[in-house]
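For reference, the chains in residue letters:
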Amino acid sequence: MRPLKLIMSAFGPYAGQTEIDMEQLGQKGLYLITGDTGAGKTTVFDAIVFALYGEASGSLRESSMLRSKYAKTGTPTFVEMTFLYGGKIYVVRRNPEYQRPKDRGEGLTTQKADAQLTYPDGKVVTKVKDVTLAVTELIGLNRSQFMRISMIAQGDFQNLLMAKTEERGKIFREIFHTKPYYNLQEKLKTDAAAKRGDYEEERRSILQLMEGVRTEDKDGQNVCLMLTEQAKRSGSVENVPEFLKALSGQIDGDTGSQSRIENRLMLLEEELAQINRKLGAYEAAKRAAVQMQRAKEAIAVQEKKLPVLKEVYDNLQKQKPQREALAIEIDRDEKRLDEEKTVGNTMNRAKEALEKIQAEYCSFAEKMQEKRRDYQQIERLFLDAQAGLLAQRLKEGEQCPVCGSTCHPKSAEMPEKAPSENELRREKASLDQLEAHTVLLSGRAGEAKAKFEAASSEWKKLNENMIRPEELRAKKQRKLQMEQEFSSARDDYEKCAGILDRNRTLLESLEGQHRETVDIDEEQLQLQRADLTDRKKSLQEEKEQARLRLQVNCRAARAIEQKFAAAKKAEQDYVKIKALSDTANAAVRGKDRVTLETYVQMTYFERIISRANLRFMVMSAGQYELKRKEEASNKTSQSGLELDVIDHYNGTIRSVKTLSGGETFQASLSLALGLSDEIQSQAGGIRLDTMFVDEGFGTLDEEALNQAMKALQGLTEGNRLVGIISHVGELKERIDRQIIVRKERSGGSTVSIEA
């Protein structure tokens, strides 16, 4: 990748739009980026890195801080770079997030970060992340790799030169992606801690189980107790087999004790059963005597009551015919009363029907009379109208067709509203219809009246011989008292007879039991039973204690045995993983503290040193050669990535910290170039057409500077441009092509090219 043109607008110290035509520098060789301190020399490289990856080259220059403080409010902030890669030209443009004036109105608004990459064929990729990904895929390097390869910052690599193993390892971890090895170290350490935790957990569980074992000894001299205390003091469970052996003996002892206790309990149970049988028989005899006395008393009472109750019962039983006759009479009266209710209901319905039809008849009869009067009036008007019509046709001297007179002194007058003949017919038809319906209703009323009179006559006949309801209720009440009296007498008699029979049977049974009763000493038997009961309770408690001990101890023995096996397995696993962890994390006593990651990094470091020495030998005129220190200075700090220097002039090997300022620059530059070469090799042989070397030349004497320039000239082989960022005056005389950065008193910096 070689930049062809770089445009910076309101970027860093550059206030306006600054364009650098880098094609003027040629395709290979050295060129100088020079200017006053703070003018913006390194900003040129910042702009290149920002254009490609959206971030500046330094960790202290965030993209949100890249807008120039000298820029006018309306000047946009962006970087645009045209670059050559693989013989094709690409254009990338980016702007950071910054505040700009609003398009409308007053005030500021946030201009969001944006990016655009244009391919040679016109294809365009937009959005910040997508452009960064496309650039990374195109060049084959991420930002970190690009920085390590393209920018040789003397200060950074002097730190790398002097760094200890831990510090250098962190740098290599990022460059050569050895984080997985570090993660493996940490995982092994974590796994070892976890395995130790598993073992400790099993050990604690075993101690808890050992402490939970129940012992019979009261003096604390039990073997299990002593072994438990020993395990607690030592923090080890190595005596578990001895503990399990002692516990097994205690379990066997409790098993035998439990068997002996059960045999003794069986004997006690038999003795108690015999005493309880004797006491039971004695108690039964006493209860029988009391019951016999009660039975005799009950028999005497019931024998007196039974004849009286029998007589009452027999007398009431003789009244059965009267009760039955009364029941028949009540049944007959109820039927006749139901019949009367039926006839009465029929009569009431007939009366209701008669009243309804009579009311309807009266209504229509009244309407018929009114209609008849209306018709007669209309008929008179019609006839008067006929007379008036005749009168209108009469002439004096002609005969009247009605009376035959030829003299007509007073003719009939024509009424004002005379009905027509059709109207008269309609009225006559309506009257006839009303008269016909009235006659029909008259007939129906006559039929209804006949039905009512027949039902009324039948009801009167029934009512003359019918019993009154109050008389029927009295008969029912009399029947109920007779039945209750008979039922009560029967129940009293049967109850008395039953009590008498039961007591006679009970007395007979109790007399047989009483004859079998033997004479015993109740007090002595009670004392014996109390003593046996106490002894039984004591043995049962002893048996329960033995049972609980067996239950707890057997369960504990099984659990301890399982836990001990698990603890041994956990201990074995811990020992294995601990050995791996100690090896990977450089924790093996008496050995150099070289971690697994450091061991892997040592391979890269050896190759870097080999590449660096190709240049260091040139720059030091064959005097110096870098060498990895193989033995640690002490056994307490990590080692493996520390550097010594071989002085071929006197044949000594010493620390790189003993080099002078100029020698340190040469060693740092050599190491940086060696690292750059190794990174390019690791990135698949990618080679950048442009590199930058930043400062550090001020510490070199004339000879050292000549050697450094010779080494840098070697970097330009193969059409590579190497830009040296420096303000050292001697370099201006040695390097013809220059990018000169000038810091103005106001308005920011400017750039010019001399080639």
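This is a predicted model, so every value here is computed, not measured.

### Concerning the overall build of the protein
Assigned secondary structure in the protein consists of 16 helices and 17 strands. The C-alpha atoms of the protein give 68 Å as radius of gyration, which overshoots the globular expectation for 755 residues (27 Å, by more than 25%). Buried residues in the protein amount to 39% of all 755 residues. Pairs at least 24 apart in sequence give 73% of the contacts found in the protein among residues at least 6 apart. Split by element, the accessible area of the protein, about 43,400 Å² in all, is 48% carbon and sulfur. The positive charge centre, built from 120 side chains, and the negative charge centre, built from 120, are 1 Å apart in the protein.

### Quick look at helix H14 (residues 661-682)
With 22 residues, H14 should cover 32 Å at 1.5 Å per step; its first-to-last C-alpha distance of 31 Å lies within 8% of that length. Among the 22 residues of H14, 19 are classified as buried, and the element is accordingly described as predominantly covered.

### Considering the pattern of salt bridges
Think of it this way: side chains of opposite charge can pair up when their charged atoms draw near. Counted by the stated rule, this structure contains 36 salt bridges. With a shortest N-O distance of 2.8 Å, Asp191 and Lys187 are connected by a salt bridge. Of this pair, Asp191 and Lys187 both sit in helix H6 (residues 179-211), four residues apart, which is roughly one turn of the helix. Owing to a relative accessible area of 49%, Lys187 belongs among the partly exposed residues under this scheme. The partner of Lys475 in a salt bridge is Glu329, with the nearest N and O atoms 2.4 Å apart. In this pair, Lys475 sits in helix H11 (residues 469-516) while Glu329 sits in helix H9 (residues 320-393), placing the two residues 146 residues apart along the sequence.

### Digging into the sheet that holds strand S9 (residues 124-126)
Here six strands make up an open sheet; going across it, the order is S2-S1-S4-S5-S8-S9 and the pairing antiparallel. Both edges of this open sheet fall to strand S2 (14-21) and S9, since each of them pairs with a single strand only. Pairwise comparison of adjacent strand axes, ignoring direction, gives a mean angle of 10 degrees for this sheet. The pairing of strand S4 (residues 78-85) with strand S5 (residues 88-95) spans seven bridges and is antiparallel. Each residue of the ladder has a partner; that of Met81, found in S5, is Val92. On top of the sheet, helix H1 (residues 41-53) reaches strand S1 (2-11), S2, S4 and S5; it is set at about 100 degrees to S1, its chief contact. The sheet contacts of helix H2 (residues 128-139) involve S4, S5, strand S8 (114-118) and S9, and relative to S8 the element is tilted by about 40 degrees.

The rules we used
Residues numbered from 1 in each chain as written. Predicted model: local features only at pLDDT ≥ 70, side-chain atom pairs only at ≥ 80, totals over all residues. Heavy atoms only, no water. Helix = DSSP H or I, 4+ residues; strand = E, 2+ residues; numbered from the N terminus. Rg over C-alpha atoms; globule rule 2.2 N^0.38 Å. Buried < 20%, exposed > 50% of the residue type's maximum accessible area, 1.4 Å probe, protein only. Contact = heavy atoms within 4.5 Å. Areas by Shrake-Rupley, 256 points an atom, 1.4 Å probe, with all protein chains shown as cover. Lys, Arg positive; Asp, Glu negative; His and termini not counted. Charge placed at Lys NZ, Arg CZ, Asp CG, Glu CD. Expected span 1.5 Å × (residues − 1). Salt bridge = Lys/Arg side-chain N within 4 Å of Asp/Glu carboxyl O. Pairing = 2+ DSSP bridges. Axes fitted to C-alpha atoms, helices over the stretch in contact; angles between N-to-C directions.

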